[in-house]
Amino acid sequence: MDRRGRLLRRFCPADSGTIAVPTVPVADTLGAGDILHGALTHHLADKRHLTSQSFVQGLHAAALIASQACASFGTRAWMH
């Protein structure tokens, strides 16, 4: 993440870059990193082969899920 929580920086063997983090009204950031890592791990576990493209797709999906979690108070209230 950058200092303002707007970008994820990624480094892959084939390339590197940044991924924009969705902007949400932030209510609570408790557990956001755990949610991001869990969502990324879940996405990657569903792939047969890890590629730079599947990693970037996973980061996009994880950033969206972690952002949604930050929009509600607590670590589980956002799950419906």
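All values derive from a computational prediction rather than experimental measurement.

A. Molecular detail of the packing of helix α1 (residues 32-45) against helix α2 (residues 52-70). Where α1 meets α2, the axes come as close as 8 Å, and the angle between the chain directions of the two elements is 145°. Both α1 and α2 take part in a crossing whose hand is right-handed. Listed contacts from α2 to Ala32, Ile35, Leu36, Ala39, Leu40, His43 and Leu44 of α1 are Ser54, Phe55, Gln57, Gly58, Leu59, Ala61, Ala62, Ala63, Ile65, Ala66, Ala69 and Cys70. Looking at the contact of α1 with α2 residue by residue, the class counts come to 15 nonpolar, four polar and no charged.

B. Structural detail: the side chain of Ser72. Of note, Ser72 is situated in the segment after α2. You can call Ser72 buried: its relative accessible area is 17%. Setting aside residues no more than four positions away along its own chain, Ser72 makes contact with Ala27, Asp28, Ala77 and Trp78.

C. Representation of the pattern of salt bridges within the structure. In this structure the tally under the stated criterion is one salt bridge. Note that Asp15 is salt-bridged to Arg10, the shortest N-O span being 3.1 Å. Asp15 sits in the partly exposed class, given a relative accessible area of 34%. Note on Arg10: relative accessible area 11%, which makes it buried.

About the thresholds
Within each chain, residue numbers correspond to sequence positions counted from 1 in written order. Where local features are concerned, this predicted model is filtered to residues with pLDDT of at least 70; where side-chain atom pairs are given and counted, the filter is 80 or more; whole-chain, interface and lining totals use all residues. Water and hydrogen atoms play no part in the side-chain values, which are based on all heavy atoms of the structure. Geometry is summarised by axes, namely lines fitted to C-alpha atoms with helices restricted to the contacting stretch, and by angles between N-to-C directions that run from 0 to 180 degrees. Comment: elements are numbered from the N terminus, with helices defined as DSSP H or I runs of at least four residues and strands as E runs of at least two. Two helices cross in a left-handed way if the nearer one is turned anticlockwise from the farther one by less than a right angle. They cross in a right-handed way if the turn is clockwise. The contact criterion used throughout is that any non-hydrogen atoms of two residues lie within 4.5 Å. The classification used treats Ala, Val, Leu, Ile, Met, Phe, Trp, Tyr, Cys and Pro as nonpolar, Asp, Glu, Lys and Arg as charged, and all other residues, Gly among them, as polar. Exposure categories follow from relative accessible area, calculated using a 1.4 Å probe and restricted to protein chains: below 20% of the type maximum is buried, above 50% is exposed, and the middle band is partly exposed. When a carboxyl oxygen of Asp or Glu is within 4 Å of a side-chain nitrogen of Lys or Arg, the pair counts as a salt bridge.

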